[in-house]
Amino acid sequence: MIRRFSILFCLMFLLSGIPVPFILLAQTGNWLPIPVEMSAGLKGFVPVRTYSDTLTLITLHEVSSTGECQVGIASILPELIVTYAPIPWPENAENPRLPVSLCSFPETYRPTYMLMTESGAGIHFDVSLNDTTMEILEGLHLSPTRTPLHVQSFAIQRNGGDILGVWAQSGTVDSMITIRWGLFNPTTYQVSRLGFAPVQIPADSDTRGFRISELRVDDTGLLFALVHDPTRAPVGGNLCLFGLFQYENSRSIYVGKRHFLRLHDLQGPAIEAFDFTTGATSTVIYGAEAPEFGGLLFVE
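Residues numbered from 1 in each chain as written. Predicted model: local features only at pLDDT ≥ 70, side-chain atom pairs only at ≥ 80, totals over all residues. Heavy atoms only, no water.

**Remarks on the pattern of salt bridges**
Step number 1: By the definition in use, this model includes seven salt bridges.
Step number 2: With its nearest N and O atoms 4.0 Å apart, the salt bridge here joins glutamate 68 to arginine 97. Highlighted residues: glutamate 68 in the loop between strand E3 (55-63) and strand E4 (69-76) and arginine 97 in the loop between strand E5 (82-87) and strand E6 (99-105), separated in sequence by 29 residues.
Step number 3: Since its relative accessible area comes to 26%, glutamate 68 is described here as partly exposed.
Step number 4: When the shortest N-O distance is used, the salt bridge between arginine 211 and glutamate 272 registers 2.6 Å. (Salt bridge = Lys/Arg side-chain N within 4 Å of Asp/Glu carboxyl O. Helix = DSSP H or I, 4+ residues; strand = E, 2+ residues; numbered from the N terminus. Buried < 20%, exposed > 50% of the residue type's maximum accessible area, 1.4 Å probe, protein only.)

Here it is in C-alpha cells:
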C-alpha cells in the first residue's frame, strides 16, 4: 500500500539524482456506486474513524443542476454495498458553488472538515453522524483580497509547529499549474502564502486537459496528488508523489523535484478523489464521477 512506502525510498527520489523506476500497483475488486438520488458529481470524501466493520465517509458532491454543494454520509458495508444519507445544508448559510475538494481539518478535539471551491473560498464545518446534520464553523479565502482563483484541489495538514494549507492552482495560461502553500492561522482563518512550485507537465501531454483533482499531505509530510492526463487514456488517473514538507529551524520547507513520480496508474472511470484510511490497517480509497450515480468508490 502507498502509505507503507519507506520514507527512505521517497527521500531517494526527492533528494538525489538517482532514477526511481515507475511503480504500477494492480487494482482488484469492483467500483461501488453511491446511491445519491439527484444528479451530483463526486468531488471529495474523508474517511471517518468508526468502531465497526462499516467504512464511513463524509462525501462532497456538486449538484449538476445548480453547481451547489451536497454533503452526505456514505457507508461501505461489509457485504460491499454502499448506503447514503444526504445532509441538508444549513438554512442560515449560503451554499457555495463549484466545490473542488474536501479534507479533514487538524487541531480540533473532534473530527471536522474543510471544503474548498474553485474560487478559493473554503468552509470549515462539523457533521453529526447521529442526526445527519452539519454546522458551519467558519469560512476562509485563499486570496487576501478575495480575488477569485482557479483552485483545482486543496489540503490542510499540521507540519511540525505549522498548519499548512496546500493547493493546486491553474493560471490564465492552460499550461501553467502551480502547487502553492501557506501558513494557516486558526484564530484569524487566514492563509499567509509561503511559496509555490510549478508543476512540470510532461512534454507529450495535452496541457488543456491536464489537472490535479486531489491533494493529500500525510502525517510524515509527503505530498501526494491525483493527476489527470488525457494523453494517458484510458487510465482514469495517476496517483503521484510530488514532494515532501519538512520542518526545520521552526519553519516549513518544501522539498520537491521538477518531475513528479507516478506511483499508480488507475484504470477505469475518471477518478476525482482519494484518501487514506486511519488506524492499524491503513489503505487507499478512490472516488470517481458517474453520471447515473452520485459517484463510485473503490477500496484498495
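**Looking at the sheet that holds strand E9 (residues 133-141)**
Step number 1: The antiparallel open sheet is built from four strands, whose spatial order is E6-E7-E8-E9. Edge positions in the sheet fall to E6 and E9, since each has one partner strand and no second. The sheet shows a mean angle of 25° between the axes of neighbouring strands, taken without regard to direction.
Step number 2: Pairing analysis gives six bridges linking E6 to strand E7 (residues 112-117), with the strands arranged antiparallel. Within E7, the position partnered with phenylalanine 105 by the bridge is threonine 112. (Pairing = 2+ DSSP bridges. Axes fitted to C-alpha atoms, helices over the stretch in contact; angles between N-to-C directions.)

**With respect to the packing of aromatic side chains**
Step number 1: Counted under the stated rule, the structure contains 12 aromatic pairs.
Step number 2: A centroid spacing of 5.6 Å and a plane angle of 90° characterise the contact between phenylalanine 105 and phenylalanine 184, whose relative ring orientation is edge-to-face. Taken together, the residues span a long stretch of sequence, with phenylalanine 105 in strand E6 and phenylalanine 184 in strand E12 (residues 177-185) at a distance of 79 residues.
Step number 3: Look at phenylalanine 105 and you get buried, because its relative accessible area is 10%.
Step number 4: Measuring from centroid to centroid gives 4.9 Å for phenylalanine 242 and phenylalanine 260, while their planes differ by 10°, and the two rings are stacked. In this pair, phenylalanine 242 is assigned in strand E16 (residues 235-248) and phenylalanine 260 in strand E17 (residues 251-267), connecting sequence segments 18 residues apart. Neither phenylalanine 242 nor phenylalanine 260 differs from the other in exposure class; each is buried.
Step number 5: Three or more aromatic residues link up through ring pairs in this structure, and these residues are Phe105, Phe184 and Tyr189.
Step number 6: Above the face of the phenylalanine 196 ring, arginine 180 is positioned so that its terminal group lies 5.0 Å from the ring centre. (Phe/Tyr/Trp six-rings, centres within 6.5 Å; stacked < 30°, edge-to-face > 60°. Lys NZ or Arg CZ within 6 Å of the ring centre and 35° of its normal.)

**Regarding the pairing of E5**
Step number 1: With six bridges joining them, E4 and E5 adopt antiparallel strand pairing. From the neighbouring strand, valine 71 faces E5, where its bridge partner is isoleucine 87.
Step number 2: In sequence, E4 turns back onto E5 through a hairpin of five residues, with leucine 80 there showing a positive phi of about 65°.

**Observations regarding the side chain of aspartate 265**
Step number 1: Locating aspartate 265 in the fold gives a position in strand E17.
Step number 2: At a separation of 2.3 Å, a polar atom in the side chain of aspartate 265 contacts the side chain of asparagine 238. (Polar contact = N/O pair within 3.5 Å; in protein donor to acceptor, adjacent residues only side chain to side chain.)

**Remarks on the sheet that holds E12**
Sheet strands associate in pairs through backbone hydrogen bonding, adopting either a parallel or an antiparallel arrangement.
Step number 1: Overall, antiparallel pairing links the four strands, which are arranged E10-E11-E12-E13 in an open sheet. At either end of the open sheet lies a strand with only one pairing partner, and these are strand E10 (151-159) and strand E13 (190-198). Averaged over all neighbouring strand pairs, the angle between strand axes comes to 25°, with direction disregarded.
Step number 2: The pairing of strand E11 (residues 162-170) with E12 spans seven bridges and is antiparallel. Its bridge partner lying in E12, valine 166 is registered against tryptophan 181.

**Digging into the nonpolar core**
Step number 1: Residues Val166, Ile179, Ile212, Leu215, Leu223 and Phe242 are the most contacted members of the largest nonpolar core, which totals 22 residues.
Step number 2: Looking at this core, the elements with two or more residues in it are E11, E12, strand E14 (211-217), strand E15 (222-228), E16 and E17.
Step number 3: Setting aside anything within four residues of it in sequence, one finds leucine 215 in contact with Ser153, Phe154, Ala155, Val166, Trp167, Ala168, Ile179, Leu223, Phe224 and Ala225.
Step number 4: Counting residues in each nonpolar core, the second largest holds 18 residues, with Leu226, Ile271, Phe276 and Phe298 among its members. (Core = buried A, V, L, I, M, F, W, Y, C linked by side-chain atoms within 4.5 Å. Contact = heavy atoms within 4.5 Å.)

**Quick word on the side chain of arginine 216**
Step number 1: In this fold, arginine 216 is placed in strand E14.
Step number 2: For arginine 216, the side chain forms a polar contact with the main-chain oxygen of leucine 102, separated by 2.7 Å.
Step number 3: Leave out the neighbours within four places in its chain, and arginine 216 touches Phe45, Val46, Leu102, Cys103, Phe154, Ala155, Leu222, Leu223, Phe224, Phe274, Asp275 and Phe276.

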